[in-house]
Amino acid sequence: IGEVSQLFTVTWGLWLVCQQRGQLKQAQDLADEALALAKQQPDPALLLQAHHAVWTNLFRLPDLPACREHLDQGLALYNLDEHGSHAFVYGGHDPGVCCLNHSALTLWFLGYPDQARDMARKAMALAETLSHPFSLVLALSFSGFLRQYRRQAGPAREHAEATLALCAERGIAPQFAAAAKALRGWAVADQGQTDEGIADIQEGLRALRATGTEQRKSYLLALLAEAHGKAGQAGRGLVELAEALESAEQSGERTWEAELHRLRGELLLSQSADNQRQAEACFSQALAVARKQSVKALELRAATSFAGLLQSQGKSKQARE
């Protein structure tokens, strides 16, 4: 049993390295191996951490229905008294907070925004009971991401600024500080200060690249492209989206892929009325990707954009459908 436990810890560590580097295929193989190892012995702690690896991977690929199954198993296994020490062994954060965080975002993508909000509140409540700053950074960050998904600029900015303050105070989590800087930039741009917002997002992306991680790169590039669009700089936004799609292809992190195609269509339309056919193809691609991934929230966005285009072409019946 001791040998299995040691092998599990090494496998989990290798998984974490691959996952941070954006090598999701290798990371998935290692997560599956960790789960197989955990099932060889009656230790719920190892099983919890195996599900932890698997749910993190499945969220990014994404396979959200399967991800939700592993998240539910993680929630059933997690016990604060028994697993509170895991933050010092596995990935530097509490697995319960991580599970609630990913449950919140997964529920939003699957089309349950109210349940997602409630789960994010549970993650924050748990993190605030722990004497573990990095776990609190995670809860603040994921709550900020959810607010951005819901297009709530004010709350998103508040969570981003709280994340930045905690990271600076404790000297921790540069990758989450980078994402928070970009998230703040999106909120600032959405509130009308596009130049300041764009500068913040660009600074966040530079900081993210300095950490060596590929996590959330395509998502943050999408925020930058959207801000450029709001500033009337559709051409620059399209360049950012091309990089985002390339990043998603290389890393395998495709959670935001449907939105990348939808945004491309929106920017093409804002650039020129002559781009309607290209925009239609983008919206169709966004719909196809979202349906394949069971990402209802992004499917609804793509359908709404597509309907708007059809309506402008006088195709009201098709738009309603």
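Because the structure is a prediction, the values reported are computed rather than measured.

(A) A look at the overall build of the chain. Looking only at helices and strands, the chain has 17 helices and 0 strands in total. Its C-alpha radius of gyration of 20 Å places the chain within 12% of the 20 Å reference for a compact globule of 321 residues. A principal-axis box enclosing the C-alpha atoms of the chain has dimensions of 65 × 40 × 35 Å. Relative to all contacts within the chain whose residues are 6 or more apart in sequence, the contacts with residues 24 or more apart total 65%.

(B) A look at the side chain of D94. With respect to the secondary-structure elements, D94 resides in the loop between α5 (80-83) and α6 (95-110). A polar atom in the side chain of D94 sits 3.0 Å from the backbone nitrogen of V97.

(C) Spatial organisation of the side chain of N57. Looking at the element boundaries, N57 is found in helix α3 (residues 44-60). For N57, a relative accessible area of 0% gives the class buried. Side-chain polar atoms of N57 contact the side chain of Q28, separated by 3.5 Å.

(D) Expanded view of the nonpolar core. Counting 97 residues, the largest nonpolar core has F8, W108, F109, Y149 and W256 as its most contacted members. If we skip the residues at most four places from it in the chain, F8 touches A34, L37, A38, L46, Q49, A50 and Y90.

(E) Region of interest: unusual backbone geometry. In the segment running from L61 into P62, the intervening peptide bond is cis, with an omega of -15 degrees. You can see P62 is positioned in the loop between α3 and α4 (64-77). Backbone geometry places A173, a non-glycine residue, at a positive phi of 55 degrees. Tracing the backbone through its elements, the reader meets A173 in the loop between α9 (153-170) and α10 (174-190). Unlike most non-glycine residues, S294 shows phi in positive territory, near 60 degrees. In this fold, S294 is placed in the loop between α15 (276-293) and α16 (296-312). Of the residues examined, S294 reaches a relative accessible area of 31% and is grouped as partly exposed.

(F) The packing of helix α13 (residues 234-251) against helix α14 (residues 257-271), seen in detail. Where α13 contacts α14, the two axes come as close as 9 Å, and the packing angle between them is 160 degrees. Classified by the interaxial angle, the pair formed by α13 and α14 is roughly antiparallel. Judged by the twist between their axes, the crossing of α13 over α14 is left-handed. Counting all contacts with α13, which are made through A234, G235, G237, L238, L241, A244 and L245, the residues of α14 involved are L260, H261, L263, R264, L267, L268, S270 and Q271. The class makeup of the residues in the contact of α13 with α14 is 9 nonpolar, 5 polar and 1 charged.

(G) Molecular detail of the packing of aromatic side chains. If you walk through the whole model with that rule in mind, you get 13 aromatic pairs. Pairing W108 with Y149 gives two aromatic rings, centres 4.8 Å apart and planes at 40 degrees, and the pair type is tilted. Of this pair, W108 sits in helix α6 while Y149 is found in helix α8 (residues 133-149), placing the two residues 41 residues apart along the sequence. On the basis of relative accessibility, which here comes to 6%, the residue W108 falls in the buried class. Centre to centre, the rings of F145 and Y219 are 5.9 Å apart; their planes meet at 85 degrees, and the pair counts as edge-to-face. Placement of F145 in helix α8 and of Y219 in helix α12 (residues 217-230) is noted, with a sequence separation of 74 residues between them. Clustering of aromatic rings is evident, with ring pairs tying together F59, W108, F109, F142, F145, Y149, Y219 and W256.

Rules and cut-offs
- Residues numbered from 1 in each chain as written.
- Predicted model: local features only at pLDDT ≥ 70, side-chain atom pairs only at ≥ 80, totals over all residues.
- Heavy atoms only, no water.
- Helix = DSSP H or I, 4+ residues; strand = E, 2+ residues; numbered from the N terminus.
- Rg over C-alpha atoms; globule rule 2.2 N^0.38 Å.
- Contact = heavy atoms within 4.5 Å.
- Polar contact = N/O pair within 3.5 Å; in protein donor to acceptor, adjacent residues only side chain to side chain.
- Buried < 20%, exposed > 50% of the residue type's maximum accessible area, 1.4 Å probe, protein only.
- Core = buried A, V, L, I, M, F, W, Y, C linked by side-chain atoms within 4.5 Å.
- Axes fitted to C-alpha atoms, helices over the stretch in contact; angles between N-to-C directions.
- Parallel < 35°, antiparallel > 145°, perpendicular 65-115°, else oblique.
- Left-handed = near helix turned anticlockwise from the far one by under 90°.
- Nonpolar A, V, L, I, M, F, W, Y, C, P; charged D, E, K, R; others polar.
- Phe/Tyr/Trp six-rings, centres within 6.5 Å; stacked < 30°, edge-to-face > 60°.

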